[in-house]
Amino acid sequence: MTNSLVSVQIIPTVPEGEHVYDFVDAAIALIEEAGLKYEVNALDTTVEGDLHDVLPLIEKMNNKMVALGAPKIISQIKILHVPTGIEIETLTGKYRQ
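A brief report on the enclosed structure follows.

Parameters at a glance
- Residues numbered from 1 in each chain as written.
- Predicted model: local features only at pLDDT ≥ 70, side-chain atom pairs only at ≥ 80, totals over all residues.
- Heavy atoms only, no water.
- Helix = DSSP H or I, 4+ residues; strand = E, 2+ residues; numbered from the N terminus.
- Buried < 20%, exposed > 50% of the residue type's maximum accessible area, 1.4 Å probe, protein only.
- Contact = heavy atoms within 4.5 Å.
- Areas by Shrake-Rupley, 256 points an atom, 1.4 Å probe, with all protein chains shown as cover.
- Lys, Arg positive; Asp, Glu negative; His and termini not counted.
- Charge placed at Lys NZ, Arg CZ, Asp CG, Glu CD.
- Expected span 1.5 Å × (residues − 1).
- Pairing = 2+ DSSP bridges.
- Axes fitted to C-alpha atoms, helices over the stretch in contact; angles between N-to-C directions.
- Core = buried A, V, L, I, M, F, W, Y, C linked by side-chain atoms within 4.5 Å.
- Patch = residues over 30% accessible without salt bridge, like charges linked within 9 Å, V, L, I, M, F, W, Y side chains within 5 Å.
- Salt bridge = Lys/Arg side-chain N within 4 Å of Asp/Glu carboxyl O.

### Section: the overall build of the chain
Phase 1: If you tally the helices and strands in the chain, you get three helices and four strands.
Phase 2: Counting only C-alpha atoms and orienting by the principal axes, one finds that the chain spans roughly 45 × 30 × 20 Å.
Phase 3: For the chain, with 97 residues in total, the buried portion stands at 35%.
Phase 4: Expressed as a percentage of contacts within the chain between residues at least 6 apart in sequence, the contacts between residues at least 24 apart total 73%.
Phase 5: Of the roughly 6200 Å² of accessible surface on the chain, 54% is carried by carbon and sulfur atoms.
Phase 6: Within the chain, the 14 negative side-chain charges are centred at a point lying 5 Å from the centre of the 7 positive side-chain charges.

So, in structure tokens, the structure goes:
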């Protein structure tokens, strides 16, 4: 069981004519490539993993935004760290149909 749930909202400033959704899709693709469990929500993405895996991933996501041409990025992060283990299902399972 992993020890953290990390909510990530990445908000890049995009070049003229570009769409922010393409940048966000690229960030989500990095999460997918990392092989971590995640859920995309309306305003953020929750990643389930160990902090030593998730925090470098967030740095990689920001670097990807720069590589795509974003001159600046706001990243809003919330971390629930439970050393004994935590899963997304623990917090949201009762709301699923």
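Next, the rest of the story.
### With respect to helix H1 (residues 20-34)
Phase 1: Spanning 15 residues, H1 covers 22 Å between terminal C-alpha atoms, matching the ideal 21 Å at 1.5 Å per step.
Phase 2: Turning to H1, its buried residues are Phe23, Ala26, Ala27, Ile28, Leu30 and Ile31.
Phase 3: For H1, the secondary structure elements touched by its buried residues are strand S1 (4-12), strand S2 (37-40), strand S3 (45-49) and helix H2 (51-67).
Phase 4: Looking one or two places after H1, you find Gly35, whose phi comes out positive at around 80°.

### Overview of the sheet that holds strand S4 (residues 73-81)
Phase 1: Reading across from one edge, S2-S3-S1-S4 is the order of the four strands in this open sheet, with antiparallel pairing throughout. Each end of this open sheet is capped by a strand with a single partner; those strands are S2 and S4. This sheet shows a mean twist of 20° between the axes of neighbouring strands, independent of strand direction.
Phase 2: By the bridge criterion, four bridges tie S2 to S3 in an arrangement that is antiparallel. Following the sheet pairing, Lys37 is matched in S3 by Glu48.
Phase 3: Along the sheet, H2 makes contact with S1, S3 and S4, crossing S1 at roughly 10°.

### What to know about the nonpolar core
Phase 1: Counting residues in each nonpolar core, the largest one holds 16 residues, and the members touching the most others are Val54, Leu57, Met61 and Met65.
Phase 2: Discounting chain neighbours no more than four positions away, the residues touching Val54 are Val6, Leu36, Val47 and Gly49.

### A word on a nonpolar patch on the surface
Phase 1: Among the surface-exposed residues, Leu55, Ile77 and Ile79 lie close enough to one another that they form a single nonpolar patch of about 240 Å² accessible area.
Phase 2: Positionally, Ile79 belongs in strand S4.
Phase 3: Judged by relative accessible area, which is 44%, Ile79 ranks as partly exposed.

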